[in-house]
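Architecture and fold: a report
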Amino acid sequence: MPVPQTATSQTLASEPVRPSVGGPRSALPVVEPFPGFLLYAQPLAWEVVEIDGEAVAVPILSRLPLSPGVGGVTSHGDASVAVAQKQARGCIVIRDEWVTAEETADGHPGYLRRLTGRNGEQHHTAWTRPELNAAGHVVWSHDADGYNRWRASLVGKHIPAPDARVLGDMADMVRTRLDRIAGRPTTPGNEAQLGAGKARLEVIGRVGKAAAKVATKAVKAGAA
Amino acid sequence: MANEILYSGAGDYTLAAALAQEIQLVLADRAWLWQHPAIVGVGDVSGLGSSVIKTPILSLMGVNQMAAVAEGSPTSNTDITDTSASITVARQALQRQKSDLIGIVNQYGHLAPDALAMDMMAAFEARFTAMITALLDGFSSTVGTSGVDMSFDDWVDAITTLEIAGNSVQNALAVLHPRQVSDLRQSLIAAGGPVQWRDDVAGQLNASNPGFAGQLLGVDIFRSSLVPLDGGSDNRVGGMFCRGALGYALGTPKPPLGTADWIISGPLMVEFERDAAYSYTKVVGNVFCGVGELQDAMGVEIATDA
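Report follows, based on the coordinates. (Residues numbered from 1 in each chain as written. Chains lettered and ligands numbered in written order. Predicted model: local features only at pLDDT ≥ 70, side-chain atom pairs only at ≥ 80, totals over all residues. Heavy atoms only, no water.)

**Topic: the overall build of chain B**
Stated precisely, the cut-off is as follows: Think of it this way: any DSSP run of H or I at least four residues long counts as a helix, any run of E at least two long counts as a strand, and we number them from the N terminus. Summary of the burial criterion: residues with accessible area below 20% of their type's maximum are buried, those above 50% are exposed, and those between are partly exposed, where the area comes from a 1.4 Å probe applied to protein chains only. Contacts are assigned to residue pairs that have any heavy atoms within 4.5 Å of one another. Note that accessible areas follow from Shrake-Rupley with a 1.4 Å probe, and for residues the cover is restricted to the protein chains shown.
When helices and strands are counted, chain B shows five helices and 14 strands. Along the three orthogonal principal directions, the C-alpha set of chain B runs to about 115 × 60 × 35 Å. With 306 residues in all, chain B has 45% of them scored as buried. Long-range contacts, defined here as pairs at least 24 residues apart, represent 75% of the contacts in chain B between residues at least 6 apart. Accessible surface for chain B amounts to roughly 16400 Å². Of this, 55% is attributable to carbon and sulfur atoms.

**Let's talk about the interface of chain A and chain B**
Interfaces are often described in size by the accessible area the parts lose on coming together. The cut-off we apply is this: Buried area, as used here, totals the accessible surface that two parts lose on assembly, with accessibility defined by a 1.4 Å probe and the loss added over both. Salt bridges are defined as contacts in which a side-chain nitrogen from Lys or Arg sits within 4 Å of a carboxyl oxygen from Asp or Glu. Here a polar contact means two N or O atoms within 3.5 Å. Within protein one must be a hydrogen donor candidate and the other an acceptor candidate, and residues neighboring in sequence count only if both atoms are side-chain atoms.
At the interface, 37 residues of chain A touch 43 residues of chain B. Of the roughly 2900 Å² buried between chain A and chain B on both sides combined, carbon and sulfur atoms contribute 43%. It is Arg63, Met173 and Arg177 of chain A that lose the most area in chain A upon contact with chain B, and together they represent 18% of the buried surface on that side. Applying the counting criterion to the chain A and chain B interface returns seven salt bridges. As a salt-bridge pair, Asp157 of chain B and Arg177 of chain A come within 2.6 Å of each other at their nearest N and O atoms. At the boundary of chain A and chain B, one finds 18 residue pairs in polar contact (both at pLDDT 80 or more). Of all the secondary structure elements, the ones that give two or more residues to the side of chain A that touches chain B are strand E1 (37–51), strand E2 (54–65), helix H1 (80–88), strand E5 (120–125), strand E7 (138–142), helix H3 (164–182) and helix H4 (188–223) of chain A. The biggest single contributor to the side of chain A that touches chain B is E1 of chain A, with five residues.

**With respect to the sheet that holds strand E5 (residues 142–143) of chain B**
Residues and elements named next belong to chain B. Our working rule: Think of it this way: DSSP has to see at least two bridges between two strands before they count as a pair. Geometry is summarised by axes, namely lines fitted to C-alpha atoms with helices restricted to the contacting stretch, and by angles between N-to-C directions that run from 0 to 180 degrees.
Strands sit in the order E5-E14-E9-E6-E8-E7 across an open sheet of six strands; the sheet is mixed. For this open sheet the edge positions go to E5 and strand E7 (211–216), each flanked by a neighbour on one side alone. Contacting E5, strand E6 (173–176), E7, strand E8 (219–223), strand E9 (235–241) and strand E14 (299–305), helix H3 (residues 152–164) runs over the sheet at an angle of about 165° to E14.

**Examining the packing of aromatic side chains**
Residues and elements named next belong to chain A. Applicable threshold: Between the rings of Phe, Tyr and Trp (Trp by its six-membered ring), a pair exists once the centres lie within 6.5 Å; its type follows the angle of the planes, with under 30 degrees stacked, over 60 edge-to-face, and the other angles tilted. The rule for a charge over a ring is simple: NZ of Lys or CZ of Arg within 6 Å of the ring centre, and within 35 degrees of the ring normal.
On inspection of all chains with the given rule, the structure shows twelve aromatic pairs over all chains. Between Phe34 and Phe37, the ring centres sit 6.2 Å apart and the planes meet at 70°, which makes this aromatic pair edge-to-face. Take Phe34 and Phe37: they sit in the same class, and that class is buried. Here Trp127 and Trp150 contribute two aromatic rings whose centre-to-centre distance is 4.6 Å and whose plane-to-plane angle is 20°, an arrangement assigned as stacked. Remark: Trp150 occurs in helix H2 (residues 144–154) and Trp127 occurs in the loop between E5 and strand E6 (128–132); sequence separation between them is 23 residues. Taken together, Tyr111, Trp127, Tyr147 and Trp150 form an aromatic cluster joined through their ring pairs. The cationic tip of Arg63 hangs over the ring face of Phe34; the distance from NZ or CZ to the ring centre is 3.9 Å.

**Thoughts on unusual backbone geometry**
Residue and element names in this part refer to chain B. Although it is not a glycine, Gln35 adopts a positive phi angle of roughly 70°. Position of Gln35 among the secondary structure elements: in the segment before strand E1 (40–44). If you check the backbone angles, Leu217 has positive phi at about 55° while not being a glycine.

**Section: the state of the cysteines**
Two cysteines whose sulfur atoms are joined by a covalent bond form what is called a disulfide. Applicable threshold: Disulfides are defined in this document as cysteine sulfur pairs within 2.5 Å.
Taken as a whole, this structure holds zero disulfides over all chains when the rule is applied. Of the cysteine sulfurs around Cys242 of chain B, a residue in no disulfide, the closest is that of Cys91 of chain A, at 20 Å. Cys242 of chain B sits in the buried class, given a relative accessible area of 4%.

As structure tokens, this is what we get:
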């Protein structure tokens, strides 16, 4: 006769588990946190860059941080008032759809990227890439050419070309700086700065000539 | 020889490591812009019925000049030009949670309620500084060249830009990243002419601490690691601004209901929440604060190589 089962003689199922010895407290990199943001162009903020040897005026894009309490963003992250305030000043907020996958280094559309770090998330543009160096620190590489090309593509399509006075003011500031440097003792450093300033002035001048040509064409087309 | 008494064999009555008598704070920038006179406090939203404070900006006190009026001719009205800037207050918070066991064994006192409350205040001041530095990118006037180190010429360009806009630049404030400050110092070392003989220039050649880093040509320098990168390039985006360019608003908290353990110090409210089932004590610091740009022409962005 078999031994009857008692209340304690029940088969229990247990599952295999690997013992854990813990690990590094955090494998996340250390980055400076920065909130998500909208890029926007201001009417008077321009710079001159060279693309394929040609001087081009591109807008300097500022960031509107989407951080509650900063610049009009509400507790719930609603940035509509912040955007309206910028637009009232003549700023143009850059839409995410204005960046195609072909225009970014990583092949994804949109201009905002996010890196999660130990102290929070750092948001950056698609043309800035984080890398870990040999010491485990985050270093940033920047695709300046790609960024400049994309910004140049916005001009005329989404952002009006700069007023001629903007270029004039830019050139004035460079000329003032050159006058200041020219009055200093002749040293290799000052000579280098003079050379860089003159080169910059020449590039600004080329943009001015190109813009004047376009304006003259438009005037002639209008007259005809 | 045998049976020596060695440290390596005394595992039962020695420790692998003993804690030092005092803790060291991790390297961090602990200088903040909270309550700096260059940043205007526009008010408190307590009892106002809105989380937004609108600051009127009016064309008074010499903006409109008198005009010559011929004898026997009437004069006409001149309206006051008005504009406004709004600042939205939002919650800023930090939370820590500690177990009773760590509280029992802790020997440094840094988990005591008053120490944690101090930590909360410092956390708010750091957050306030980060909020202000995030606004520097918003000034429409920019000096500095992308990818080029900051120089004394950029400094002069910034002052010139503010002066041309009609600002009173004495006692303006420049908030710069340590990289920008050190590049400026490098530039001053090579400066010649009358610049090299100035006391403030000589002062800038000294090593500086985070926070107030001296004055140059009448403008205060505030050095902060919280000055952000451009996000689209390798530039640090600092700025120089006069009082009236940036402002902040607060929401002073009222004593909370439902908890007997709280501390209110200025804008900061620290509450302690007990979870007996988990043997946890939660410490939460809340500040209701907002920052915003008041007048764009009173500031200039300084964007230089990082």
